[in-house]
Amino acid sequence: MLRIALQSKGRLNEKSVELLREAGIGIEENSRRLLSRSSNFPVEVLYLRDDDIPQTVSCGIADIGIVGLNEVKERNHPVEVLQHLGFGRCRLSLAIPKYLEYTGLEFFQGRKIATSYPGILAEWFREKNIGCEIIEIAGSVEISPSIGLSDGIFDIVSSGGTLVQNGLKEVETVMESDAVLIGTCGLDEEKMQTVNVLMSRFRSVLCSRGKKYMLVNVPDEKIEEALKIIPSMKSPTLLPLADKGWSAIHAVVDEADVWDKAAELKKIGAEDILVLSMEKLII
Ligand code: ATP
Ligand code: MG
């Protein structure tokens, strides 16, 4: 039985549970206990604070876990990063009060920086040969310059709205982060087999996100042109229509491109464009 650690509540919880569910792994949701077992896959789920996930996986209490790469780097426990999962995207940046002129990295020499990520920041400044005083605080990092606790902050940024609200400007990005699947180093072969099944399902789920299935009827003489507009994954699916001289093309298209591609196809004489949701793309 493989044990996976997930964040019990917070920004990554919902998306982690959704990823498992879309990968066909049923877990009881309403009776959410600290530990719950899947009804249809040899896995049990351990719900934890995200701070504790790297250590729990590192020492083998959980075999794998889903957590932000930022936490993995900050906690610095030896674990294997097995797969990037693409959600929970954010960056860790340095920010200073917006009225101050930023003169480059030297600005931070001898300054006080407040953060909940002292490990990542200390290593970065060490690499850059800048000496500054790191003040570790657990939360509300963004208010520390205005209350005189620090000269700047190092914190998670996604849209940047919180920085602006607090009169700060982002001046350096130190790292990019997303949720990652981590594993205990040196998992045995049996567990690794289950992990591989899981990772391959995750890959399929992630691959089908943001994709649509498009069906379009085109005159035969326009097939080549149409295939330039909607290139297929391997070889195009082409089906002759009952109407002579016409064929149907089936293709998987990025959702973001659907409207542009449909307009281009119509321009070359395509008709009856159908766009369908894509449940799974098993790769
Ligand atoms: P816990 O109670 O489990 O310790 P937390 O309060 O430390 O949770 P959350 O705020 O739930 O953490 O964030 C979890 C992770 O989500 C972060 O470590 C980061 O990887 C990611 N994340 C993505 N965008 C943001 C954001 N805008 N703010 C904070 N975290 C973000
Ligand atoms: Mg936390």
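Criteria and thresholds
The written sequence of each chain sets the order in which its residues are numbered from 1. For naming, the first written chain is A and the first written ligand is 1, with later ones following in the order written. In keeping with the predicted nature of the model, local features appear solely for residues at pLDDT of at least 70, side-chain atom pairs appear and are counted solely at 80 or more, and the whole-chain, interface and lining totals rest on all residues. The side-chain quantities take in all heavy atoms of the structure and omit both hydrogens and water. Among buried residues, the Ala, Val, Leu, Ile, Met, Phe, Trp, Tyr and Cys ones that are joined through side-chain atoms within 4.5 Å form a nonpolar core. Accessibility here uses a 1.4 Å probe with only protein chains present; expressed as a share of the type maximum, an area under 20% marks a residue as buried, one over 50% as exposed, and anything in between as partly exposed. Counting from the N terminus, the helices are the DSSP runs of H or I reaching at least four residues and the strands are the DSSP runs of E reaching at least two. In this document the domain limits rely on a domain assignment from an automatic tool or a database. Throughout, a contact is declared for two residues whenever any of their heavy atoms are within 4.5 Å. Note that water is not among the atoms used; donors are N, O and S atoms within 2.8 Å of the metal (3.2 Å for Na, K and Ca), so sites may look incomplete. Think of a 1 Å grid over just the protein atoms. A cavity is a set of points where a 1.4 Å probe fits yet cannot get out, a pocket is an open set with protein on both sides within 12 Å along at least five of seven lines, and lining residues have an atom within 4 Å of a point. Grid points are joined across faces, edges and corners, and a volume is the space filled by probe spheres set on the points. Residues are grouped as follows: nonpolar covers Ala, Val, Leu, Ile, Met, Phe, Trp, Tyr, Cys and Pro; charged covers Asp, Glu, Lys and Arg; every other residue, Gly included, is treated as polar.

Describe the nonpolar core, listing the residues and the values that go with them.
Counting residues in each nonpolar core, the largest one holds 29 residues, and the members touching the most others are Leu94, Phe108, Ile113, Phe125, Phe154 and Ile182. If you list the elements that add at least two residues to this core, you get strand S3 (43–48), helix H2 (53–58), helix H3 (69–75), strand S6 (90–97), helix H4 (118–128), strand S10 (168–177) and strand S11 (179–183). Broken down by element, the residue count for this core peaks at four residues, all from H4. The residues that make up this core include at least three from each of domain 1 (2–87 + 179–207) and domain 2 (90–177). Beyond its immediate chain neighbours, meaning those up to four positions away, Phe154 contacts Leu92, Ser93, Leu94, Ile113, Ala114, Thr115, Ser116, Tyr117, Ile120, Leu121, Val141 and Val174. Judged by nonpolar contacts, the second largest core, of 26 residues, contains Val45, Ile64, Met199 and Phe202.

Any chance you could break down the coordination of the magnesium ion (ligand 2) for me, citing the residues and the numbers?
Coordination of the magnesium ion (ligand 2) by the protein involves Asp50 (OD) and Asp51 (OD), with metal-donor separations of 2.1 Å. Exposure remark for Asp51: the relative accessible area of 23% places this residue in the partly exposed category.

Could you give an account of the layout of surface pockets, naming the residues involved and the relevant values?
Of the pockets and cavities examined, the largest pocket occupies roughly 1,000 Å³. For the lining of the largest pocket, the secondary-structure elements that each account for two or more residues are H3, strand S9 (152–157) and helix H5 (161–165). Examining the composition of the lining of the largest pocket, we find that four residues originate from one element, S9, more than from any other. Residue composition of the lining of the largest pocket, grouped by class: nine nonpolar, 12 polar and 11 charged. Looking at which domains feed residues into the lining of the largest pocket, each of domain 1 (2–87 + 179–207) and domain 2 (90–177) supplies at least three. Approximately 290 Å³ is the volume attributed to the second largest pocket.

Honestly, that's just the spatial picture; any functional story needs more than this.
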